[in-house]
Amino acid sequence: MKSTAILSIGVASVATAAVLTTSLWGEGQRLSAVKQTPPNRFIPRGRAAPEGPAQFFSFSTPDNPSTRPPPAETGFDDLTNGYFQQGPDFDTITKDNVEPLRSYNDGRFVFEEKEMAEDGLGPTYNTQSCSACHQNIVTGGASQIAEHRTGHTFNGQFFESPGGSLIQSRATFPDIVEHVLPVDTVRTFRMSTNTMGDGYVECVSDSTLTAIRDAQPPDMQGTAPEVAVLEGDGSPGVGRFGWKCQHRSLLSFASDAYLNEMGINSPLFPDENTSQGLFVGYGTAYDPLPEPEDDGTDTQAFANFMRSTKAPPRGPITRDVQLR
């Protein structure tokens, strides 16, 4: 009876997806055929090479002078950490005079800018700007915004929803808004994370991260996932950005978010998202802009801005804090 029940669930899943697919193909079959899956660029080639000596950043003591570099700049003040110059007064920057790769303030403007359909927004998306999900307490911080992930299990194996586990909650056309299928009973929400100070995280060497892992007790040892650096040649590095540490660089991370949260593709993520597995990109009535919709300028501006942000400030650094 158990195997029959599982088979019934599987058949129901196919039937439900078929019904949804049929409904999306209405109005003169405006959707084109399902797009073929591109080669997997996310699989790294080989193993990550060491990046210099590992450094554990120990605190100074009278008997052990520290070789630790200066502490990171911190603060919720919308000021650069020094990676990029501050630039012109933020309030003077407009869509007409912004130079995305010029300064911290220009990058902040692009990070906060609301995208529209004519900019490439959609066809399926979650929000209109980076800062919509990263603004607490200042631009680049965390927020209470959550994204929806869904799928289902069959014979103990997890399967994503037809368009991927991320459900884009909005669309530029009402008939392609994604829905959670009844069969996709594995559902969770993920809160937006902080990006402030991520430039410092990007600078930590892979060797340091793997050394920290190796120094942990075996029964609590963490992992250091090796992922392809998308702007590179496929060589791997230790992942550190994204909910699953699926990106090594902030440029890869920003390009991923631009596509999956705003529906805007770029050189590192050139393929448009689908609607429930059906292609709605350029060539259909839903997407008038050729790909890529961003030439890489915006994604580089996002990365430069995050690299220039200060880390969130800590409370008082007492001896008790240092020893814990």
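Here the structure is shown first, and the text comes after it.
Reading the values: rules and limits
- Residues numbered from 1 in each chain as written.
- Predicted model: local features only at pLDDT ≥ 70, side-chain atom pairs only at ≥ 80, totals over all residues.
- Heavy atoms only, no water.
- Helix = DSSP H or I, 4+ residues; strand = E, 2+ residues; numbered from the N terminus.
- Buried < 20%, exposed > 50% of the residue type's maximum accessible area, 1.4 Å probe, protein only.
- Contact = heavy atoms within 4.5 Å.
- Expected span 1.5 Å × (residues − 1).
- Salt bridge = Lys/Arg side-chain N within 4 Å of Asp/Glu carboxyl O.
- Axes fitted to C-alpha atoms, helices over the stretch in contact; angles between N-to-C directions.
- Parallel < 35°, antiparallel > 145°, perpendicular 65-115°, else oblique.
- Left-handed = near helix turned anticlockwise from the far one by under 90°.
- Nonpolar A, V, L, I, M, F, W, Y, C, P; charged D, E, K, R; others polar.
- Phe/Tyr/Trp six-rings, centres within 6.5 Å; stacked < 30°, edge-to-face > 60°.

Quick look at the side chain of T127
Mapped onto the elements, T127 comes out in the loop between strand 1 (124–125) and strand 2 (146–154). According to the relative accessible area criterion, T127 is buried, its value standing at 10%. Discounting residues that sit within four places of it in the chain, T127 has contacts with L121, A132, C133, R170, E261 and M262.

Quick look at helix 7 (residues 297–308)
In a regular helix each residue adds 1.5 Å, so 12 residues correspond to 16 Å; helix 7 covers 16 Å between its end C-alpha atoms and thus fits that length. Among the 12 residues in helix 7, 10 count as buried, and that is most of the element. Among the structural elements, helix 3 (104–112), helix 4 (198–203) and helix 6 (250–262) are those in contact with the buried residues of helix 7.

Structural notes on the pattern of salt bridges
If the charged atoms of two oppositely charged side chains come close together, the side chains can form a pair. A full pass over the atoms with the stated rule returns 12 salt bridges. Its salt-bridge partner being K95, residue E113 comes within 3.9 Å of it at the nearest N-O pair. Residue E113 is found in the loop between helix 3 and strand 1, and its partner K95 is found in the loop between helix 2 (26–29) and helix 3; the two are separated by 18 residues along the sequence. For R248, the salt bridge is made with D206, and the minimal N-O distance between the two is 3.1 Å. One end of the pair, R248, is in the loop between strand 8 (236–238) and helix 6; the other, D206, is in helix 5 (residues 206–215), and 42 residues separate them in sequence. Each of the salt bridges in this network shares a partner with another, and the network as a whole consists of D78, R108 and E112.

Considering the packing of helix 6 against helix 7
It is at 8 Å that the axes of helix 6 and helix 7 come closest, and there the two elements cross at 125°. By the angle between their axes, helix 6 is oblique relative to helix 7. Pair helix 6 / helix 7 crosses with right-handed handedness. Residues L250, L251, F253, A254, S255 and Y258 of helix 6 form the contact with helix 7, whose own contacting residues are D298, T299, Q300, F302, A303, M306 and R307.

Considerations on the packing of helix 3 against helix 7
Contact geometry for helix 3 and helix 7: axes closest at 8 Å, N-to-C directions at 120°. It follows that helix 3 is oblique to helix 7 by the angle criterion. Pair helix 3 / helix 7 crosses with left-handed handedness. Facing helix 3, whose interface residues are Y104, G107, R108, V110 and F111, helix 7 presents D298, A301, F302, F305, M306 and S308. In terms of residue class, the contact of helix 3 with helix 7 is built from seven nonpolar, two polar and two charged.

A closer look at the packing of aromatic side chains
A full pass over the atoms with the stated rule returns eight aromatic pairs. Here the aromatic rings of Y83 and F84 are separated by 5.6 Å at their centres, their planes lie at 10°, and the arrangement is stacked. With relative accessibility at 44%, the residue Y83 sits in the partly exposed group. Plain terms: the ring middles of F90 and F109 are 6.5 Å apart, the flat faces sit at 55° to each other, and that makes the pair tilted. Pair noted here: F90 is in the loop between helix 2 and helix 3 and F109 is in helix 3, with a separation of 19 residues, a long-range link. The class of F90 is buried, set by a relative accessible area of 16%. Owing to a relative accessible area of 16%, F109 belongs among the buried residues under this scheme.

Any functional reading would require information beyond the geometric quantities listed.
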